[in-house]
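Structural overview
One-letter residues, chain by chain:
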Amino acid sequence: MIITRTPFRMSFFGGGTDMPDYFRENNGSVISTTFDKYCYVTVRHLPRFFNHKSLLSYSKFEYVNTYDEIEHPAIRNAMKMLDMHEIRLTYEADLPARSGLGTSSSFAVGMLNAFYALKGKYADNKKLADEAIYLERELCQERGGWQDQIAAAFGGFNRINFNVDGYEVVPIIINPLRKQQLNKNLMMFFTGFTRFSSELQKINNITSSDKRDQLKEMFNLVDEAEKILTDKQRSLDEFGYLLDHTWKLKRQTGSQISTNSIDTLYNRGIEAGALGGKLLGAGGGGFLVFYVQPDKQEAMKEAMKELMLIPFEFENGGTRVIHYSPETYEPIDKQE
């Protein structure tokens, strides 16, 4: 039996510039962090006592005998890609799917990590990120960027740069006390709305030519945000104001980025004392994160009292195998 634990990510700056049809022409960059909310994937070989060959448990149960019977596209394509047979797979998570935290990509990374471990093979972070990108963007034909898979695989507080040759992950070196203060100044709330990121990406078409100016400015803000984080002489509050600026830019890149309800909640947060914030993910719902000075946080909780506050801590681990019990497995046949 194998159990993997894979973190979710929170993206601050540069979202949209990680789309390949943008960064291959213009370069891209994002700043994001993973935090201590995870998805867990458990896999083992299914004992041969049943009428089905594989059992898949996520938001539903699937009992299947061939790949083509599998409804979940990521599981179906991952099992084909890695030649997996007679599997029992279970997915659990600390936070809901389709909520703007890269949950589907964390699942893809964690599932691939588990499959390799079940085969007795080691896959490093880059291999897992690359194959999760290939799985979601090519095999499953889901539209979106690359940052989620990379963040889930590598973990940590990073700047991820994109260009025609691919990507590089550059950890942002922040004074520990400064990083701790940033963590304390961020408040995350669940709006209760969920949506499919890939569908919103199609609707918003964020990389279309008429939105390139906004994306270029969002890309430039990554440099400024990194300077704020790493320069101890600068006030962290500048990070909050910059979040507000990048959120206003992002709202211009698609009709479905925000909604009247999201705008109302965001404005309420600003009125309560937040210096800035943003909706996480492709838009339409999910989680709002705000930068709030400590003395304003009680007022913020009151203003958002109908929403769920999600306490969190930054994490640095990325995807991990947290339980490894080798199995003896002898395949008896091949699936079609």
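This one's a predicted model, so the numbers in the text were calculated from it and none came from an experiment.

**Section: the domain arrangement of the protein**
- Splitting the protein by domain gives domain 1 (2–172 + 317–334) and domain 2 (177–310).
- A separation of 25 Å is found between the C-alpha centroids of domain 1 and domain 2.
- Each partner contributes to the interface: domain 1 provides 34 residues, whereas domain 2 provides 38 residues.
- Summed over both partners, the interface of domain 1 with domain 2 buries about 3,000 Å², with 70% contributed by carbon and sulfur atoms.
- At the junction of domain 1 with domain 2, the criterion picks out three salt bridges.
- One salt bridge connects R159 with D223, and the closest N-O pair in it is separated by 2.7 Å.
- On the surface where domain 1 and domain 2 come into contact, there are three residue pairs in polar contact (both at pLDDT 80 or more).

**Here we look at the UniProt feature "domain: GHMP kinase N-terminal" (unreviewed entry) in the protein**
- As recorded in UniProt, the feature "domain: GHMP kinase N-terminal" (unreviewed entry) lies at residues 78–156.
- End C-alpha to end C-alpha, residues 78–156 measures 25 Å, and it is 56% helix and 9% strand.

**Comments concerning the environment of H45**
- With respect to the secondary-structure elements, H45 resides in strand β2 (residues 28–45).
- The spacing of H45 and G240 is 195 residues in sequence and 48 Å in space, taken between C-alpha atoms.
- Non-local contacts of H45, meaning those with residues more than four positions away in its chain, are made with H85, E86, I87, L118, E327 and Y329.
- From its side chain, H45 meets the backbone oxygen of H85 in a polar contact 3.2 Å long.

**Section: the pairing of strand β9 (residues 276–279)**
- Here β9 shows no split at all, with G276 and K278 on one side and G277 and L279 on the other all buried.
- Across four bridges, the pairing between β9 and strand β10 (residues 287–291) is antiparallel. In the strand pairing of β10, G277 is matched with F290.

**Description of helix α10 (residues 260–271)**
- Across its 12 residues, α10 extends 16 Å between first and last C-alpha, which sits within 8% of the 16 Å expected from 1.5 Å per residue.
- Contacts from the buried residues of α10 go to α9 (237–251), β9, β10 and α11 (297–303).
- With its phi angle positive at about 125°, G273 sits one or two positions after the end of α10.

**Notes on the sheet that holds strand β11 (residues 308–309)**
- Ordered in space as β9-β10-β8-β11, the four strands form an open sheet in which the pairing is antiparallel. Edge positions in the sheet fall to β9 and β11, since each of these pairs with one other strand and no more.
- Looking at chain direction, strand β8 (residues 186–190) and β11 are connected through two bridges and run antiparallel. Opposite F189, over in β11, you have L309 as the bridge partner.
- Packing of α9 onto the sheet brings it into contact with β8, β9 and β10, and relative to β9 it is tilted by some 40°.

**Comments concerning the pattern of salt bridges**
- Summed over the entire model, instances satisfying the criterion amount to 17 salt bridges.
- Here R48 ties to E86 by a salt bridge, and the two come within 2.8 Å at their closest N and O atoms. Linking R48 in the loop between β2 and β3 (54–57) with E86 in the loop between α2 (73–82) and β5 (87–93), this pair joins segments that are 38 residues apart in sequence.
- E86 gets classed as buried once you look at its relative accessible area, which sits at 6%.
- As a salt-bridge pair, E131 and K127 come within 3.0 Å of each other at their nearest N and O atoms. One end of the pair is E131 and the other is K127, both in helix α4 (residues 125–139) and four residues apart, which spans about a single turn.
- Under the relative-accessibility criterion, E131 is labelled buried at 16%.
- Salt bridges here are not isolated pairs; linked through shared partners, they connect R159, D223 and E226.

**With respect to unusual backbone geometry**
- Backbone geometry places N27, a non-glycine residue, at a positive phi of 70°.
- Secondary-structure assignment places N27 in the loop between α1 (20–26) and β2.
- A residue is classified by how much of its surface remains accessible, and N27, at 37% relative accessible area, is partly exposed.
- Even without being glycine, D83 reaches a positive phi, approximately 60°.

**Notes on the nonpolar core**
- One finds L89 and F115 to be the most contacted residues of the largest nonpolar core, which totals 81 residues.
- A total of 10 residues in this core trace back to one element, the largest contributor, which is helix α3 (residues 103–118).
- Both domain 1 (2–172 + 317–334) and domain 2 (177–310) contribute no fewer than three residues apiece to this core.
- Those residues in contact with F115, other than ones at most four positions away along the chain, are V43, A78, M79, L82, M84, I87 and L89.

The rules we used
Residues numbered from 1 in each chain as written. Predicted model: local features only at pLDDT ≥ 70, side-chain atom pairs only at ≥ 80, totals over all residues. Heavy atoms only, no water. Domains from an automatic or database assignment. Contact = heavy atoms within 4.5 Å. Buried area = accessible area lost by both parts, 1.4 Å probe. Salt bridge = Lys/Arg side-chain N within 4 Å of Asp/Glu carboxyl O. Polar contact = N/O pair within 3.5 Å; in protein donor to acceptor, adjacent residues only side chain to side chain. UniProt positions renumbered as here; feature names shortened; annotations may be inferred. Helix = DSSP H or I, 4+ residues; strand = E, 2+ residues; numbered from the N terminus. Buried < 20%, exposed > 50% of the residue type's maximum accessible area, 1.4 Å probe, protein only. Pairing = 2+ DSSP bridges. Expected span 1.5 Å × (residues − 1). Axes fitted to C-alpha atoms, helices over the stretch in contact; angles between N-to-C directions. Core = buried A, V, L, I, M, F, W, Y, C linked by side-chain atoms within 4.5 Å.

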